[in-house]
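The chain contents come next:
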Amino acid sequence: MTDDAAGDGGEDEAASGDGTVQCWLVERSFDQRNLVTLVYATPGGERYQQRELSGNALSQIDVTAAREIPADELEDVRDADTRARYADEVASVREQYDPDEEL
């Protein structure tokens, strides 16, 4: 009904003792400028972090199925369809991969 339902403290808000939240890779896209966009989302799809990296920078980091992201670096997903899509993608990735497995 209201946006309060998105922040009800469920699985999405389960921050670890160090203030991070486990988020899962839900989107990876490439553009013609050699930029890669990575989107990691919380299990319920309610919060996300989007990063744009150059192709060179991408080769210097490990893109894993999941990452621990500081809770204050996550943004709210405002669109219900996007939340549902992210939640579905998280479920799929979690079934197929271990959190530290490279993708």
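In this text, all values refer to a predicted model and were calculated from it rather than measured experimentally. (Residues numbered from 1 in each chain as written. Predicted model: local features only at pLDDT ≥ 70, side-chain atom pairs only at ≥ 80, totals over all residues. Heavy atoms only, no water.)

Strand order in the open sheet formed by five strands is S4-S1-S2-S3-S5, with antiparallel pairing between adjacent strands. A single partner strand is all that each edge strand has here, and the edge strands are strand S4 (66-70) and strand S5 (75-76). Bridge count between strand S1 (residues 20-30) and strand S2 (residues 35-41): six bridges; the pairing is antiparallel. Across the sheet, phenylalanine 30 pairs through a bridge with valine 36, a residue of S2. (Pairing = 2+ DSSP bridges. Helix = DSSP H or I, 4+ residues; strand = E, 2+ residues; numbered from the N terminus.)

Okay, helix H2 (residues 80-96) next. Helix length check: H2, at 17 residues, gives a terminal C-alpha distance of 25 Å against a target of 24 Å (1.5 Å per residue), a fit within 8%. Restricting attention to buried positions, one finds in H2 the residues Thr82, Tyr86, Val90 and Val93. Within H2, the buried residues cover an arc of 75° as seen down the axis, which keeps them to one side. In H2, those exposed residues whose orientation departs by more than 90 degrees from the buried face are Asp81, Asp88 and Glu95. Buried residues in H2 make contact with S1, S2 and strand S3 (47-54). Two or three places before aspartate 81, at the opening of H2, aspartate 79 has a side-chain oxygen 3.3 Å from that residue's backbone nitrogen. (Expected span 1.5 Å × (residues − 1). Buried < 20%, exposed > 50% of the residue type's maximum accessible area, 1.4 Å probe, protein only. Arc of directions from axis to C-beta. Contact = heavy atoms within 4.5 Å. Polar contact = N/O pair within 3.5 Å; in protein donor to acceptor, adjacent residues only side chain to side chain.)

A separate point is the packing of aromatic side chains. This model, assessed by the stated rule, comprises one aromatic pair. With a centroid separation of 6.3 Å and an interplanar angle of 55°, the aromatic rings of tyrosine 48 and tyrosine 86 are classed as tilted. Taken together, the residues span a long stretch of sequence, with tyrosine 48 in strand S3 and tyrosine 86 in helix H2 at a distance of 38 residues. Seen from the ring of tyrosine 40, arginine 67 lies directly overhead, with NZ or CZ sitting 5.4 Å from the centre. (Phe/Tyr/Trp six-rings, centres within 6.5 Å; stacked < 30°, edge-to-face > 60°. Lys NZ or Arg CZ within 6 Å of the ring centre and 35° of its normal.)

This paragraph deals with the pattern of salt bridges. Tallying each qualifying case throughout the model produces three salt bridges. In this structure, arginine 85 engages glutamate 27 in a salt bridge whose closest nitrogen and oxygen atoms are separated by 3.1 Å. Placement of arginine 85 in helix H2 and of glutamate 27 in strand S1 is noted, with a sequence separation of 58 residues between them. Looking at glutamate 27, the relative accessible area reads 25%, which means it is partly exposed. (Salt bridge = Lys/Arg side-chain N within 4 Å of Asp/Glu carboxyl O.)

The next point concerns the pairing of S1. With five bridges joining them, S1 and S4 adopt antiparallel strand pairing. Across the sheet, the residue bridging to threonine 20 is proline 70, located in S4. With antiparallel pairing between neighbouring strands as the criterion, S1 and S2 make up a hairpin whose turn holds four residues, including asparagine 34 at a positive phi of roughly 65°.

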